Amino acid sequence: MVTSRLPGFYKLTLEERRRIAAEALGVEVTELEAALASGGLPALRADKTIENVVGTYAMPFALTLNLQMNGRDYLAPMVVEEPSVVAAASNAAKIIREGGGFLAEADEPLMIAQIQLDGVPDAEAARAAIEGAQDELLRRADAAVPNLVARGGGARELEVRALGDGWLVTHVLVDCRDAMGANLVNTVAEALSDRVRELAGGRAGLRILSNLSDRRNVRVRCAVPASALAFDDYAGDHVRDLIVRASEFASRDPYRAATHNKGIMNGVDPVVIATGNDWRAVEAGAHAYAARNGSYEPLCTWRRGDDGALVGDMELPLALGTVGGTLRVHDGARFGLKVAGVESAQELAMLAACVGVASNLAALRALATDGIQRGHMALHARSVAIAAGARGEHVEAVAREIHEAGQVSVEAARAALQRRLGSSAGDARLVR
Ligand code: MEV
C-alpha cells in the first residue's frame, strides 16, 4: 500500500529523494534511475518517434505528495517546468486530506467520432435513415476495430446533429477502454463515412474524433474543514470566505476564469505529460467544455458547505490512456504510469483531475490572502541561485539569503555565492 505522506521530502538531496521514492513505490532505485535516464527517451529512439529530430528536450519529473483519492493514497507523477507548482499541489493535497481527501468518479471511456456531411437535401429524412441503420453502422464500426472489441470496447451509440443549411454531423460513440482512442476513433469515422453518406445524401466531409470528449468526463469533489485553511494570522473561516469570493470572481468574468482554469491545468497537464498522454487534446477539451454554456466559465468552483467546510467541485472531459501511444516508446512515461499506480485510464483521469483541484485551491488560497509572489519568489530564488553558479548545499543557502534580502537577482546571487565561497576557503569544487 503506497503512502503519499513523505514528510521533509523536499529537503532531501536528489539521491536521497530517489531512494525514498523508490521505497515508497516498492521499486528498486536502479529501476527509477534507468527509467528516467536521458529524460526517459534516448535520442536514437526519439529519432524513430517523430520527424526531423535533432535531439531530445528534458523536463523535471517530480512527485505530488499527500494525495488521497477515494480513500487511497497516490503519489501522482508530475512533469512540469514551472517552479512552485508541485509544492503548491502537494501542500493543498495535504489540506484537502484533512477533510478526507478527494472523491472522484469517471464516465465510461466514450470517445466521439465525427462524420461530417453537407449539402444534405433533407436533414430530418437523413437523420431517420441513419438512426434506422444504427445496428448495421455499429456492427461496421466494430468490424473496423476488432482488437478493441476483443478488449471489451467498441461502438456503443450513434447521435445525429443537424447544424442547419444541409449540414449534418453523425457522432459514433466508441468505448475505448484504456486507450486514449484517437486512432481507434479516426479509424471508425473513416470506415463509416461512405455508408453514412449513402444513407443521408449530400457530400462527405471530415472524418475525425472530437476533442470535446464530454462523454468521458471526470468529476471531483472535496470538502475542506475551514480550520485546515488557516495560516499565519489568517483564520480558517476568513480564508474559506475569501476563496469562495475568488471563485465567484471567476464565475463572473471570463478574463479571470481563463487564469483560474490555467491554475487547474497547472495540476492536470503535468500528470498528463508524465504518463505519456496528449496534453493538447486535454487542453482543447477542457477549454471547449469551459465555454459550453456560451460564455467561458471556471471548471472548478468553491462554495461554503452547510457544515462550514469549503467545498470544491470540478467536472471536465479527460481523454487519457494507459496503453498505446507514447507509452510504447517512452521509458519515463511508462515509469510515470507505474508511479500513478492506477488500474485503468478512468482512474488515471480521476487522479489528474484531483491534482488539478489541488493546484486550483493552492492558487486561490495564496491569491486571496498574501498573493502568490511571496511563495513564488522563494522558489524562484533557487533557480536564480543555480543560474548564478551555486550548486549543492549552496543553492538553498544563497536562495534564502537573496530572498530574505528582497534581492532576487543573478547579480545578488553571485555576490552571495562569492561571500559563501570565501567563507569556505574558496573551494571551487563547491560550485560545480
Ligand atoms: C500561475 O501559473 C497560475 C495562477 O495564475 C492561477 C490563478 O491565478 O488562479 C496562480
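As the structure is a prediction and not an experimental result, all values here were calculated from the model. (Residues numbered from 1 in each chain as written. Predicted model: local features only at pLDDT ≥ 70, side-chain atom pairs only at ≥ 80, totals over all residues. Heavy atoms only, no water.)

**Comments concerning the overall build of the chain**
So, step 1. A tally of helices and strands in the chain yields 16 helices and 10 strands.
So, step 2. Dimensions of the chain, computed from C-alpha atoms along their principal axes, come out at roughly 85 × 55 × 40 Å.
So, step 3. Classification of the 432 residues of the chain by burial places 46% in the buried group.
So, step 4. Taken as two groups, the 47 positive and 55 negative side-chain charges of the chain have centres that lie 4 Å from each other. (Helix = DSSP H or I, 4+ residues; strand = E, 2+ residues; numbered from the N terminus. Buried < 20%, exposed > 50% of the residue type's maximum accessible area, 1.4 Å probe, protein only. Lys, Arg positive; Asp, Glu negative; His and termini not counted. Charge placed at Lys NZ, Arg CZ, Asp CG, Glu CD.)

**Some words on the pattern of salt bridges**
So, step 1. Within this structure, the stated rule accounts for 30 salt bridges.
So, step 2. As a salt-bridge pair, Glu124 and Arg127 come within 3.1 Å of each other at their nearest N and O atoms. In this pair, Glu124 and Arg127 are both assigned in helix H5 (residues 123–132), 3 residues apart and thus about one turn of the helix distant.
So, step 3. A relative accessible area of 49% places Glu124 in the partly exposed class.
So, step 4. In this structure, the salt-bridge partner of Arg156 is Asp175, at a minimum N-O distance of 3.4 Å. Remark: Asp175 occurs in strand E6 (residues 167–175) and Arg156 occurs in strand E5 (residues 154–164); sequence separation between them is 19 residues.
So, step 5. According to the relative accessible area criterion, Arg156 is partly exposed, its value standing at 38%. (Salt bridge = Lys/Arg side-chain N within 4 Å of Asp/Glu carboxyl O.)

**Describing the nonpolar core**
So, step 1. Counting residues in each nonpolar core, the largest one holds 61 residues, and the members touching the most others are Phe102 and Leu318.
So, step 2. For this core, the leading source of residues is helix H13 (residues 345–367), giving 13 residues.
So, step 3. Sequence-distant contacts of Leu318, that is, excluding residues within four places in its chain, are made with Arg216, Val218, Val268, Val282, Ala349, Ala352 and Ala353.
So, step 4. Formed by 32 residues, the second largest nonpolar core is a distinct cluster that contains Val160, Val172, Val185 and Ala189. (Core = buried A, V, L, I, M, F, W, Y, C linked by side-chain atoms within 4.5 Å. Contact = heavy atoms within 4.5 Å.)

**Here we look at the site of the ligand**
So, step 1. Inspection of the region around the ligand gives Glu82, Arg256, Thr259, His260, Lys262, Gly263, Asn266, Ala363, Leu367 and Ile372 as its neighbouring residues.
So, step 2. In the environment of the ligand, an oxygen atom lies 2.7 Å from a nitrogen or oxygen atom belonging to the side chain of Arg256.
So, step 3. Lys262 places a side-chain nitrogen or oxygen 2.7 Å from an oxygen atom of the ligand.
So, step 4. Those elements giving two or more residues to the shell around the ligand turn out to be helix H10 (254–274) and H13.
So, step 5. Residue composition of the shell around the ligand, grouped by class: 3 nonpolar, 4 polar and 3 charged. (Near = heavy atom within 4 Å. Polar contact = N/O pair within 3.5 Å; in protein donor to acceptor, adjacent residues only side chain to side chain. Nonpolar A, V, L, I, M, F, W, Y, C, P; charged D, E, K, R; others polar.)

**As for the domain arrangement of the chain**
So, step 1. On domain assignment, one finds that the chain holds domain 1 (60–107 + 218–371), domain 2 (110–210) and domain 3 (375–431).
So, step 2. Distance from the C-alpha centre of domain 1 to the C-alpha centre of domain 3: 32 Å. (Domains from an automatic or database assignment.)

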